[in-house]
Amino acid sequence: STRSPVSDPSQSEAFFFFKQKTAYEISACLVGSEMCIRDRPQTAQQVDVGAIPPPPVDERKPMTTVQLRLHNGTTVRLILNTTTKVEVLFTYVLSVAPTAGNFELISGFPPRPLTKVMQTLEEADLLDSTVIQRLC
């Protein structure tokens, strides 16, 4: 006998999660974010991430790792000070993953846009976290 996808609990849960996540992502982009980076003059291009130096780190101060998942599928792990400002992440992402359109950085679950760029990574609850570049 053939099972329908809904009768299989594991598929049903995956389907529900996907639908829930999709609905959130669509509404977040429609509503927008004050930190959704507006149109840039450069076109989307492939950049050698290794050629772009990471933000500076003071090894005498507390550090954390932030994993960046970029719109082009690249993943970058940065070691940063816990006092690094969120704006440094935006600047770095602009240099390693330029885009011709809008983007925002999101983190957490459920994903939330990073809008307070003057907060430190610690204040923004981004210690040992993953940050995703999402095109809007």
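Residues numbered from 1 in each chain as written. Predicted model: local features only at pLDDT ≥ 70, side-chain atom pairs only at ≥ 80, totals over all residues. Heavy atoms only, no water.

Caption draft 1: Representation of the pairing of strand 3 (residues 103-107) within the structure. Where burial is concerned, most of strand 3 is hidden: 5 out of the 5 residues are buried. Alternating residues of strand 3 divide into F103, L105 and S107 and E104 and I106, and every residue in both groups is buried. Pairing of strand 3 with strand 5 (residues 129-135) involves 5 bridges; the strand directions are antiparallel. Among the inter-strand pairings, I106 is bridged to a residue of strand 5, identified as I132. Here strand 3 runs beside strand 4 (residues 112-113); their pairing, made up of 2 bridges, is antiparallel. The partner of S107 across the bridge, within strand 4, is R112. Linking two consecutive strands that pair antiparallel, namely strand 3 and strand 4, is a turn of 4 residues; a positive phi of about 90 degrees is found at G108 within it. (Buried < 20%, exposed > 50% of the residue type's maximum accessible area, 1.4 Å probe, protein only. Helix = DSSP H or I, 4+ residues; strand = E, 2+ residues; numbered from the N terminus. Pairing = 2+ DSSP bridges.)

Caption draft 2: Structural context of the sheet that holds strand 5. Within the open sheet, the 5 strands sit side by side as 2-1-5-3-4. Their pairing is mixed. Looking at which strands have only one partner, the edges of the open sheet turn out to be strand 2 (75-81) and strand 4. Pairing geometry for strand 1 (residues 63-69) and strand 5, over 4 bridges, is parallel. Bridged to R69 within strand 5 is I132.

Caption draft 3: Looking closely at helix 2 (residues 86-96). Among the residues of helix 2, V86, L89, F90, Y92, V93 and V96 are the ones counted as buried. The buried residues of helix 2 all sit within an arc of 165 degrees when viewed along its axis, so they share a single face. Contacts made by the buried residues of helix 2 are with strand 1, strand 2, strand 3 and strand 5. (Arc of directions from axis to C-beta. Contact = heavy atoms within 4.5 Å.)

Caption draft 4: Inspection of the pattern of salt bridges at higher detail. Applying the stated criterion across every chain yields a total of 2 salt bridges. Of the charged contacts in the structure, one is a salt bridge between E104 and R134, with a shortest N-O distance of 2.2 Å. A residue pair is termed long-range when its members are at least 10 positions apart, and E104 in strand 3 and R134 in strand 5 qualify at 30 residues. For the pair shown, E104 and R134 are each scored as buried. (Salt bridge = Lys/Arg side-chain N within 4 Å of Asp/Glu carboxyl O.)

Caption draft 5: Inspection of the pairing of strand 1 at higher detail. Residue alternation in strand 1 divides its side chains into a buried set, T64, V66 and L68, and an unburied set, M63, T65, Q67 and R69. Pairing geometry for strand 1 and strand 2, over 7 bridges, is antiparallel. Each residue of the ladder has a partner; that of Q67, found in strand 2, is R77. Taking the residues that link successive antiparallel strands as the turn, the strand 1-strand 2 hairpin has 5 residues, and the phi of G73 there is positive, at about 95 degrees.

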